[in-house]
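Structure at a glance
Residues per chain, in single letters:
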Amino acid sequence: MRRYLYVVLFLTGFFSYSYAQETVSGVVKDASGQTIPGATVVLKGTARYAATDLDGKFSIPAPDDFPFTLQVNLTGYQQQEIDIYELTGEPAEVVLKTANVLDEVVVIGYGTQKKGDITGSVASVPQLALKQPISSFDRALQGAAAGVQVTQTSGQPGAAVSIRIRGGNSITGGNEPLYVIDGFPVYNSNADASAGVTAGPSINALSSLNPSDIESIEVLKDASATAIYGSRGANGVVIITTKKGKAGQNTLTYDAYYGAQKVLKKVDVLTSARDWALLKNDARANSGKAPYYTQAQIDALGEGTDWQGEAFRSAPIQNHQLSLTGGDDRTRYSISGNYFKQNGVLRNTDFERYSGRINLDRDFSSKLKVGVNLTASKITAQVANNGVVNALLAMPPTVNVYDANGKYTYQSEFETPLGNPIATLEKEVNQTKTYRVLGNVYGEYTFLEGLVGKVSFGADAINNKQNRYVPSDIYQGANSNPTGKASVGTKFSSTWLNENTLSYSKTFNRKHSLNVVVGYTQQAFETESAIAASEAFVTDQLEYNDLGSGSVYSQPSSGSSAWALNSWLGRINYSIDQKYIFTVSGRADGSSRFGKDKKWGYFPSAAFAWNISREDFLSNYKTISNLKLRLSAGVTGNQEIGQYLSLATLNSNTYFFGGQTYIGFAPNRIANPDLGWETTAQYDAGIDLSLYKNRVNVVFDAYYKKTTNLLLNVPIPYTTGQSTALQNYGSVENKGIELGINTENFTGAFTWNTNFVFSINRNKVLTLGDGANYIISGANIAKVGQPLGSFYGYQTNGLFQTGDDIANLPTINPATTKPGDRRYVDINGDGKITQADDRALIGNAQPKFQGGITNTLSYLNFDLSFFFQGTYGNKLFNQNKQQLELLTGQQNASVTALERWTPTNPTNVIQRAFEDPAAVNTSRYVEDASFLRLKNVTLGYNLPKAIASKIHASQVKVYVSAANLLTWTKYTGFDPEVSRNEQSTLTQGIDYSVYPGSKSFLGGLSISF
């Protein structure tokens, strides 16, 4: 009994002490006197903390000893310290000042740095860009960061985009940047996340990450910033940091929006059945044939079918997010769940994502910290067939969507085989499902003050399954009897990563600052895939779910591949009096992808920054808040070439002997033990300038980079048994300037901020090696002395007219050329038009400059933002227009056909109708694709705190938003912001059968408790 009495007395004393412990209270305000909620107040030197409430007030237990110091922190403000010498009973008042630009912390490779200490070129993407209704965060880079070009490859919901940072470096290798998501490096190769069954645009592997989960995006552009990523830094690095929990701020937030989309525009084609019938007869007459329609039949034709009008729809888009963040002095957490659904503007196309994320950090002691970042998602998409947009444009208006029995019309009745695109959209199954888990766990241990070791392990697993079923009653299933053909594909890709780093930070004599990072990393990837297919099913009911019930089997296929990368890395930052900053970094990478003699690559960099504004001679210039000069140079690499390309490989082949089938193997590649890295040397000079107490901030960069040892397929002697081999030949250069301006135009009750970015990049092929001068691919050419993305074809100079001496004028085929046919420029003056001598450069897909401007205004509880983005000087090869101006009378035609050449209308622009013309790549189809677009406009209203508190909410915001609202352009296609070929530098700028873009209108709600 006495023992229990002791326990009771002890607990009573303990709680009495705790209850009696004195506290420090206070309030936190900004410079205008407004209270600040959510600021963190820390008892310096301890783990004890508090957070300010909605009124900016805090209370924190006081220590036993005086004096002590309180540190007050909040993102966007300078840290303030207040010394407490005694408890007076009066609340302390802390005033936070807006953070100095140089004190803002940004994420860099393997660490963080204050902007004032950065020597490289690093751009931060504004948070506003992430609040657009987008399926993947990489779309948010569009117009948001100088030097970053984002090209839409398809308007299909969830489809990939192509990104170039400071231009394209490689011709056949990868040009996409490296993404580092919470420390895990990811190269966005959609081939690694596609089973290869669906006939449509690839779904973006990065769309598995919910944009609403992202806290910040930093773009590393120059060699000083990217060299620490070595072999994968040549194309730039995009660092993604997801939202983390904060001690003392337990918040439950629900965000949602719902809206509708419609197609940006329709292409002008003939929709009048009568107009098309006249074109049909005209084409037959010019081909020496009798009319297809009598005048009575033409008069009896109705309005005709608007195939685009039948296919496009108003499509809903919605997003719902629930997140919970908070923590205490030892544990911080952030948990979220998301549902996103975007229906496509084309019938029966969509994208749906379920995702969840958890970020957890735990301080086990003052020295040991452990954390985990984990994201899981499921994506499902119904994809539009690659040929469906072409069919919508090419299907004649005289063909009906439905036949007399109410069933889908099977195909066009005319010579060009065109299936009913509405039937294809509605009845073909073209589905892809992707499951992705991406995460890592890390531990940090502080050995002594400033010396921190970190070990992390991570994994990225992607499981993709694709299903396709084509019923026999649509055109694409015509060859399957009695019913349908089905195929199923699976692909599982996994990556594991281990990183081990040691960092040391120390300030000597309050003048010299040193930060050192060294590390060793290892990463490995493997993938397995399989495809099976069969056809001739008894019924359509089972679709792709019972391949065994098909009576005709297709040959199955399967495969696997792997690669590994081992690396050593290091970086030294040294600062003298915060004026002179030196950075040296480097990485050594050993990659399995290269030849046995070239597996290791070494990528050093060096940089210097001078904070001129800290010099005494500028101390009296109050206009200049900050002025910094940056210089950097370094080498980075590119390993994105695929696997096993340095090795001699065999390929299976089918042979027939004596009526029997045999499988054998034959060489399909010769070994190249000297196959090595593409390397990019880059030089950068930059100026960071802040004026008028940081209200005007300017960042300017000029750069030059040269990529050598390009990975090209080079012709080799046929005696080797092969025609080409992958070798290191050739070089490409990029040079340009970048400008970013951020201004605070008005402050106070009414605020107005502007963010402007502008960039110019000039690209040129320097050499292609071994005497080669060009590489031609369709309408594109890579030519020495010219930029990548160039178009190659004939220059046109009007039409032949009646009375022209055609026999003595330069033509492609004098025997068949007649008045009304197109004329071409005789480049070499030999009196004839030939491919070898008369094709020339006819345009380029790269813009002369690009930019974006964002304005954000707020007054009382209202806020308004609008974002313009555009490019100038870039061209597109409009292959859709090329096909629609053939004027064959076998497929639909552009509305320009109404102005075609006839003996009574001797125009000099649109050629005559003819049944069998050849499609020729000419300057006629290279169009100016410059544009200015109102990318996003949002109007929001924050409920007053007094009203929000009645439902126990800390914040309630409602808003309306529109995306892609207005576009100013001369381009005649669906969208000037497009390129058919995904992530290709050689064949960029082609617009053909691309799913068109859309504009959206939505309303949203954000509420926090």
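Calculation rules
- Residues numbered from 1 in each chain as written.
- Predicted model: local features only at pLDDT ≥ 70, side-chain atom pairs only at ≥ 80, totals over all residues.
- Heavy atoms only, no water.
- Helix = DSSP H or I, 4+ residues; strand = E, 2+ residues; numbered from the N terminus.
- Rg over C-alpha atoms; globule rule 2.2 N^0.38 Å.
- Contact = heavy atoms within 4.5 Å.
- Areas by Shrake-Rupley, 256 points an atom, 1.4 Å probe, with all protein chains shown as cover.
- Lys, Arg positive; Asp, Glu negative; His and termini not counted.
- Charge placed at Lys NZ, Arg CZ, Asp CG, Glu CD.
- Buried < 20%, exposed > 50% of the residue type's maximum accessible area, 1.4 Å probe, protein only.
- Polar contact = N/O pair within 3.5 Å; in protein donor to acceptor, adjacent residues only side chain to side chain.
- Salt bridge = Lys/Arg side-chain N within 4 Å of Asp/Glu carboxyl O.
- Core = buried A, V, L, I, M, F, W, Y, C linked by side-chain atoms within 4.5 Å.
- Phe/Tyr/Trp six-rings, centres within 6.5 Å; stacked < 30°, edge-to-face > 60°.
- Lys NZ or Arg CZ within 6 Å of the ring centre and 35° of its normal.
- Pairing = 2+ DSSP bridges.
- Patch = residues over 30% accessible without salt bridge, like charges linked within 9 Å, V, L, I, M, F, W, Y side chains within 5 Å.
- Axes fitted to C-alpha atoms, helices over the stretch in contact; angles between N-to-C directions.

Before going further, it helps to spend a moment on the overall build of the chain. Helices and strands together make up the secondary structure of the chain, namely 11 helices and 52 strands. Against the compact-globule benchmark of 30 Å for 1009 residues, the chain has a radius of gyration of 32 Å, which places it among compact chains. Along the longest, intermediate and shortest principal axes, the C-alpha atoms of the chain span 115 × 70 × 60 Å. Intrachain contacts of the chain at a sequence separation of at least 6 include 70% that bridge at least 24 residues. By element, 55% of the accessible surface of the chain is carried by carbon and sulfur atoms, the whole surface being about 44,600 Å². Across the chain, the centroid of the 87 positively charged side chains sits 2 Å from that of the 85 negatively charged ones.

A separate point is the side chain of R587. With respect to the helices and strands, the residue R587 is situated in strand β28 (residues 580–591). Taking the relative accessible area as the measure of exposure, R587 reaches 3% and is therefore buried. Looking at R587, its side chain comes within polar contact range of the side chain of T521, at 3.3 Å.

As a further point, take the pattern of salt bridges. Evaluated as defined, the whole model comprises 33 salt bridges. With a closest N to O distance of 3.9 Å, K764 and E733 form a salt bridge. Of this pair, K764 sits in strand β38 (residues 750–767) while E733 sits in strand β37 (residues 731–746); the two residues are 31 residues apart in sequence, bridging distant segments of the chain. By relative accessible area, which is 7% here, E733 ends up buried. The closest approach of N and O atoms between K935 and E977, which form a salt bridge, is 3.6 Å. Of this pair, K935 sits in strand β49 (residues 931–942) while E977 sits in the loop between β50 (955–969) and β51 (990–991), placing them 42 residues apart in sequence. When sorted by exposure, K935 lands in the same class as E977, which is buried. One continuous salt-bridge network, built from bridges that share partners, spans R166, K221, K628, R630, D684, D688, D701 and E738.

Attention shifts here to the nonpolar core. If you look at the biggest cluster of nonpolar residues, it comprises 36 residues, and the most contacted ones within it are L279, W307, L346 and L887. Breaking this core down by element, the ones donating at least two residues are α4 (273–286), α6 (307–311), α7 (388–394) and α8 (421–427). At 5 residues, the largest contribution of residues to this core is made by α7. Discounting chain neighbours no more than four positions away, the residues touching L346 are A311, F312, R313, A384, V388, V389, L392, L425 and Y995. Counting residues in hydrophobic clusters, the runner-up holds 28 residues, among them V125, I134, L141 and V161.

Within the structure shown, the criterion is met by 28 aromatic pairs. Three or more aromatic residues link up through ring pairs in this structure, and these residues are W276, Y292, Y293 and F414. A cation sits over an aromatic face here: K280 above Y292, 5.2 Å from the ring centre.

Before going further, it helps to spend a moment on the environment of A536. Locating A536 in the fold gives a position in strand β25 (residues 512–537). For A536, a relative accessible area of 5% gives the class buried. Taking C-alpha positions, A536 is 8.5 Å from S549, a pair spaced 13 residues apart along the chain.

On to the pairing of strand β41 (residues 790–793), then. Across the two faces of β41 the burial is the same, with S790 and Y792 and F791 and G793 all buried. Summarising the sheet, strand β40 (residues 780–783) and β41 pair through 2 bridges and their orientation is antiparallel. From the neighbouring strand, I781 faces β41, where its bridge partner is S790. Relative to strand β44 (residues 840–844), β41 is paired through 4 bridges, and the arrangement is antiparallel. Its bridge partner lying in β44, F791 is registered against G843.

Together, L252, L322, L324, I335, I358, L360, L374, V437, I951 and F1009 make up an exposed nonpolar region whose accessible area comes to about 760 Å². Where the nonpolar patch is concerned, the elements lending two or more residues are β18 (315–327) and β20 (350–363). As for its position among the elements, F1009 is in the segment after β52 (998–1008). Using a relative accessible area of 39% as the deciding quantity, one classes F1009 as partly exposed.

Turning our eyes to something else, we now look at the sheet that holds strand β48 (residues 926–928). What holds strands together in a sheet is hydrogen bonding between their backbones, with the strands either parallel or antiparallel. The strand order across the open sheet built from 3 strands is β48-β47-β51, with neighbouring strands paired in mixed fashion. What marks the edges here is a single partner per strand, and that holds for β48 and β51. Here strand β47 (residues 875–878) runs beside β51; their pairing, made up of 2 bridges, is parallel. Paired with N878 across the strands is D991, a residue of β51.

As a further point, take the sheet that holds strand β3 (residues 49–51). The strand order across the open sheet formed by 4 strands is β3-β2-β5-β6, and the pairing between neighbours is antiparallel. Of all the strands in the sheet, the pair left with one neighbour each is β3 and β6 (80–84). Put simply, the sheet's adjacent strands are angled 20 degrees from each other on average, direction ignored. Strand direction decides the pairing type here: strand β2 (residues 40–43) and β3, joined by 3 bridges, are antiparallel. Across the sheet, T40 pairs through a bridge with A51, a residue of β3.

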